[in-house]
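Structural characterization, general
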Amino acid sequence: MRGLYSIPAGDDFLGLLAAHLITLSDLPEVRVYVPTRRAVLALRERLAAAAGGGLLLPRIVPLGDVDEDALLLTGDETLDLEADGLPPVPGFHRVAKLAGLIARWRDQYRPDGPAPAEDLSLALSLAKLIDQLATEEVDPAQLKEPISGDLAEHWKDTEVFLRIITEHWPAHLAEHGWSDSGARRSQLLRIQAQAWAVDPPQTPVIIAGSTGSIPATAALMDVVRGLPKGLVILPGFDASLSEEAWKAVDEGHPQWGFKHLLTERLDVGPEAVLPWPGSADRPGSADRPGLNARRGLINLALWPAELTDGWLAERDRALPEALVNEALDGLTVLEAPHAEGEALLIAVTMRERLEEPGASCALVTPDRALARRVSALLRRWQVDVDDSAGLPLGASEPLVLIRLLLEATAEDFSPVTLLALLKHPQCRLGLGTDEKTKWVARLEMQFLRGNSGASTLAQLKDDMASRGGESEAVFWQLLERVVPLLSSYATFDAWIGAAVGASEALAADVANTPGAELLWQGDAGEAAGVFLAEILGEAASLPCRSPHQAALMLSALLEGRRVRPTALRHPRLFIWGPLEARLLAPDTLILGGLNEGVWPADPGIDPWLNRPMRKALGLPPPERLLGLSAHDFAQAACARDVVMTYAKRREGAPALPSRWIVRLRQILRKRRDEGKENPPQSPDIGLKAQRPILDGVAALDRAPDYAPCLPPEPRPPVSVRPTELAVTRIETLIRDPYALYAEKILKLRPFEAFAGALTPGARGSLLHEILEHVLKAGASRAVDVTAFLEIARQSLASRRISAADRAFLWPRIEQLAEDFLAFEAGLEPGPETRLIEAAARWQVPGTDPPFTLTSRADRIDLYAEGKAMIIDYKSGTAPSGKVVAAGYAPQLPLTAALLETGAFDIDHPPQAEDIEYGHMKIGGKANELRLTKVAGKGS
């Protein structure tokens, strides 16, 4: 056998390939190229199973893990080619150098441009563009030609910026004798193709499962199909497309990749692709009589958009009504109310498959958040399934600890950042787990909360020196460990080196095991160590002058980096990405995340090249990714047992099902409704609903029947009830008596806020204090804005408030000064007597035991003829007159009653009918503070 073949979707690709390979007498000399490392392992397993014993395996090599998915080559695999080229540039060296070139460009053209963290993000984006150009074998120098046309100004700015990769970067590579990884991979493939064209190998060479979307791979396929024993086997080529449909295939169609490969790369027509022997009449095919019907249904649902006017005629030809049930056998579509519900549906489905002896099940999804949710939910049944795409490297414990260190340093070890650091599991401080937990709790409650708590490292050092007690020794050890981060550095590698040293010191345990041994263990630790070593070796040239910048730069570098598990935890359940799932055939395949914008993903906008530029350069349009995704979907949808899932809402917003689900439903709905005057409105279109799964998920977290209890009605004995309440607590007694019960009877107290935190209560207390000092400074009319603000500065200086909160609060205090003094100037005539923070106590007559009502009035202005005005300052919303009249806000009416009864220290208490009371609201709009007077008469 030689030439170009195809194994249709739904067939066991690797099984058929393995069945052919074991028939070859020269198997050890065979070379097989497959798309991914996972396909390499799976093919080895199939060969061993087919041989039934010992077997000398062929050389099986992956063409690359992400080449055809993201059109970028990573250089992670070694191709074992009989040629070599220039060594690849070290990965982070390229990013660091590009960031340096961007910084030079910024200094010259945009002095007020992005900061170092943005430089790194731009460098990573440029690196992707370089790889894409190399993958498509486009000379970067060609970028000058399409950009020089009649374009908008920002594209002309882009031309200047792109000189970095058209001029400066190639010169740097030539100087060091390096090549980009993508260019090197393409070069090696081209060299191998040329070598085989000149001297064809006489042993079998097979390229299996590749779509040939990369020019160099396509060139190698072109040579291999002409070798004496060369085979190219395409996955899921649709030979049933008519000539008209083949011509109409566009970039979003699953066959676009094959059309481009055959017509543009191999210069042949679709008739050149032969069916793989045994793909139609393989042993055991009788157990799937509906396979061809399923293929017909999926291919028809993805019919070229240009020809949808003839969709129904094609449906009748390719999928007669008699075959619909066969096509739908084993196909399920599940709709979840939201993304969390979709994960639960998938987890229940996977768990159910474990009840079938030997059955395997895989979730295939490009949505990594969905994959993580499913993995977490499966642990509910003690089932551990790793996402084979890995977890974000930035979420690994070592790197989270380093980022927390940098953020805490940037915030001067504020209470929130310090506690986040101390509560990290890798921050052991040389203590046992229980001992550390108790120490951190003591530190939080004694030193970091309340008005007297420390909001900065300097304050914490002073407090610890004066009242440290048993917390003091551990604190000084902590301080000693973070000392390297308290210096000033000028480069990124210096900050990272200091953070690494501090994190290793913090990670040491109670047995004095060095933190370096504990921090870098396991898959995540090893990956983090390699990543940081790469940074420390190449980041000396990156300017960075603050820990905040270092944290941002580190986050930018971690974007997209993942930790892959070295060994999978479960032998029968798997979570794969669409590329990894190619060629693999578990018993049940779950296609998750089938929402528009997720699968298929939005191709987005190229930040560097618009569509005319890409076309002029010969780069594929962004929609090409849609075609690759559609091919992955069509392949997977033809599996034996397929479950498709999508969510009605994602991230709190309505979400649409994938265009493929919509097309599939539409074609089935048209058949159901044909010839009916009043077709049913039910969304049921013949796809299995799998009611047992839906019912099981609904029942999983359903609470048992219960009898709702009555609301709490605390009735403590009179002997333990409070005998004294302030007028402000009377409102609490009316509105929420249980809160008063918890405070006065149960003696419960809420935690105080963190030191320096500007809570609503702290803000109100501060503003009350300022106004009290202003009024006590003398007649308020003698106080001008300057004197008011000086009093405010003194009050602020006496409190531990963060710099950010001070910056937020000061403009509002300036507005308060103007508004307050304007309010005072409007009081004509002025009061004869003014009481500030006046206290009152009054024993309510006829109470047993005696009950005392107390009050502390913010301000009472006494006028002639026995009139009075009671003013209460509110930093929040003041109650309306209707609420006061209804008795739900009794503070001021009760204060007026106390004033009338003589509870305040006044020689001649005013009569109730002469009393006016009001609220002075402090706060409101985001950028100003306003005073509002609400007046009324009588108590």
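Counting of residues starts from 1 at the beginning of each chain's written sequence and follows it residue by residue. Thresholds applied to this predicted model are a pLDDT of at least 70 for local features of residues and 80 or more for the giving and counting of side-chain atom pairs; totals over whole chains, interfaces and linings are not thresholded and use all residues. To obtain the side-chain values, all non-hydrogen atoms of the structure were used and water was disregarded.

Considering the sheet that holds strand β12 (residues 588-591)
The line we're drawing: A pair of strands is labelled paired if DSSP reports no fewer than 2 bridges between them. Secondary structure elements are taken from DSSP: a helix is a run of H or I of four residues or more, a strand is a run of E of two residues or more, and numbering for both begins at the N terminus. Here an angle of 0 to 180 degrees is reported between the N-to-C directions of two axes, which are lines fitted to C-alpha atoms, with helices fitted over the stretch in contact. We call two residues contacting when some pair of their heavy atoms lies within 4.5 Å.
Read from one edge of the open sheet, five strands run β7-β13-β12-β8-β11, paired in parallel fashion. The open sheet has two free edges, formed respectively by β7 (331-336) and β11 (573-576), since each of these has just one partner strand. Averaged over all pairs of adjacent strands, the angle between their axes in this sheet comes to 20°, without regard to strand direction. Inspection of the sheet shows strand β8 (residues 361-364) paired to β11 by four bridges, in the parallel sense. Counterpart to Ala362 in the pairing with β11 is Phe574. Its contacts with the sheet place helix α16 (residues 339-353) against β7, β8, β11, β12 and β13 (641-647), and it is angled at close to 160° to β13.

Here's the deal with the packing of helix α23 (residues 492-507) against helix α25 (residues 522-538)
Quick note on the threshold: These descriptions rest on fixed angle ranges, namely under 35 degrees for roughly parallel, over 145 for roughly antiparallel, 65 to 115 for roughly perpendicular, and the rest for oblique. Helix crossings are classified by the rotation of the near helix relative to the far one: an anticlockwise turn of less than a right angle makes the crossing left-handed, while a clockwise turn makes it right-handed. Residue polarity is assigned by list, with Asp, Glu, Lys and Arg as charged and Ala, Val, Leu, Ile, Met, Phe, Trp, Tyr, Cys and Pro as nonpolar; anything else, Gly included, falls into the polar class.
Closest axis-to-axis distance for the α23/α25 pair is 8 Å, and the angle between their directions is 140°. The pairing of α23 with α25 is recorded here as oblique in orientation. Where α23 crosses over α25, the handedness of that crossing is left-handed. Touching Phe492, Asp493, Ile496, Gly497 and Val500 of α23 are Leu532, Ile535 and Leu536, all from α25. Here the residues of the contact of α23 with α25 are counted per class, giving six nonpolar, one polar and one charged.

What to know about the packing of aromatic side chains
Test applied: Aromatic contacts are taken between Phe, Tyr and Trp rings whose centres are within 6.5 Å, Trp giving its six-membered ring; a plane angle under 30 degrees counts as stacked, one over 60 as edge-to-face, and the others as tilted. Exposure classes here rest on a 1.4 Å probe applied to the protein chains alone. A residue is buried below 20% of its type maximum, exposed above 50%, and partly exposed in between. Sitting over a ring, as applied to charges here, requires NZ of Lys or CZ of Arg to be within 6 Å of the ring centre and within 35 degrees of the ring normal.
The tally for this structure, following the rule as stated, stands at eleven aromatic pairs. Between Phe237 and Trp246 the ring centres are 5.9 Å apart and the planes differ by 70°, which places this aromatic pair in the edge-to-face class. Across this residue pair, the class does not change: Phe237 and Trp246 are buried. The structure contains a cluster of three or more aromatic residues connected by ring pairs, namely Phe237, Trp246 and Phe258. We note Arg449 situated over the ring of Phe754; from NZ or CZ to the ring centre the distance is 4.1 Å. A cation over an aromatic ring shows up here: Arg812 above the ring of Phe808, its NZ or CZ 3.8 Å from the ring centre.

A closer look at the nonpolar core
Where we set the bar: To qualify as a nonpolar core, a set must consist of buried Ala, Val, Leu, Ile, Met, Phe, Trp, Tyr and Cys residues joined through side-chain atoms within 4.5 Å.
With 96 residues, the main nonpolar core has Leu43, Leu591 and Met644 as its most contacted residues. Among residues more than four places away in sequence, those in contact with Leu591 are Val364, Trp599, Phe633, Ala636, Ala637, Val642, Val643, Met644 and Thr645. In this structure, Val89, Met464, Trp495 and Ala499 belong to the second largest nonpolar core, which totals 88 residues.

With respect to the environment of Pro337
Considering the arrangement of structural elements, one finds Pro337 in the loop between β7 and α16. The class for Pro337 is partly exposed, based on a relative accessible area of 49%. For the pair Pro337 and Pro654, spaced 317 residues apart in the sequence, the C-alpha separation amounts to 9.7 Å. The contacts of Pro337, once residues within four sequence positions are left out, are Lys648 and Arg649.

Observations concerning the environment of Ala248
Among the structural elements, Ala248 can be located in helix α11 (residues 243-248). Not counting chain neighbours up to four residues away, the residues in contact with Ala248 comprise Lys259, Pro304, Glu306 and Leu307.

Some words on the environment of Arg665
For clarity, the threshold we go by: Under this definition, polar contacts are N or O atom pairs within 3.5 Å; protein pairs additionally need one hydrogen-donor-capable and one acceptor-capable atom, and for neighbouring residues in sequence, both atoms have to be side-chain atoms.
Secondary-structure assignment places Arg665 in helix α29 (residues 659-673). Sequence separation between Arg665 and Ala301 is 364 residues; the distance between their C-alpha atoms is 8.5 Å. Polar contacts involving the side chain of Arg665 include one to the side chain of Tyr646, which spans 2.7 Å.

Brief notes about the pairing of β7
Of all six residues making up β7, five are buried, and the element is well covered by its neighbours. One ladder, built from six bridges, connects β7 with β13; its direction is parallel. Looking at the pairing, Leu331 lines up with Val642 of β13.

Quick notes on unusual backbone geometry
A negative phi angle is the norm for most residues apart from glycine, just as the trans form is the norm for most peptide bonds. Residue Pro600 is bonded to the preceding Trp599 through a cis peptide linkage, with omega at 10°. With an omega of 0°, the peptide bond running from Asp848 to Pro849 counts as cis. Within the secondary structure, Pro849 is located in the loop between β17 (833-844) and β18 (851-862). Here the phi dihedral of Glu651 falls at roughly 55°; this positive angle occurs in a residue that is not glycine. As for its placement among the helices and strands, Glu651 is situated in the loop between β14 (649-650) and β15 (653-654). Taking relative accessible area as the criterion, Glu651 reaches 85% and is therefore assigned exposed. Phi angles above zero are rare outside glycine, and Glu837 is one such case at about 50°. Note on placement: Glu837 falls in strand β17. Owing to a relative accessible area of 15%, Glu837 belongs among the buried residues under this scheme.

A closer look at the confidence of the model for the chain
Heads up, the condition is: Across the chain, each position has a pLDDT score giving the predictor's confidence in that residue, from 0 to 100.
Counting all residues, the mean pLDDT for the chain is 83, and 88% of those residues have values of 70 or more. Across residues 281-285, confidence stays below pLDDT 50; counting only partners more than four residues off in sequence or on other chains, it has four contacts.

Overview of a nonpolar patch on the surface
As a reminder, the rule being used: Like charges are joined within 9 Å and nonpolar side chains (Val, Leu, Ile, Met, Phe, Trp, Tyr) within 5 Å, but only among residues with over 30% relative accessible area and no salt bridge; these make up the patches. Exposure was quantified through the Shrake-Rupley algorithm and a 1.4 Å probe, taking into account, for residues, occlusion by the shown protein chains and nothing else. We count a salt bridge whenever a side-chain nitrogen from Lys or Arg sits within 4 Å of a carboxyl oxygen from Asp or Glu.
A cluster of nonpolar residues, Ile22, Leu55 and Leu57, forms a patch on the protein surface that exposes about 200 Å² of accessible area. Within the secondary structure, Leu55 is located in the loop between α2 (37-51) and β3 (59-62). Since its relative accessible area comes to 31%, Leu55 is described here as partly exposed.

Thoughts on the pattern of salt bridges
On inspection of all chains with the given rule, the structure shows 39 salt bridges. With its nearest N and O atoms 3.8 Å apart, the salt bridge here joins Glu534 to Arg561. In this pair, Glu534 is assigned in helix α25 and Arg561 in the loop between α26 (547-558) and β10 (562-563), connecting sequence segments 27 residues apart. The exposure class assigned to Arg561 is partly exposed, which follows from its relative accessible area of 33%. For Glu623, the salt bridge is made with Arg611, and the minimal N-O distance between the two is 2.5 Å.

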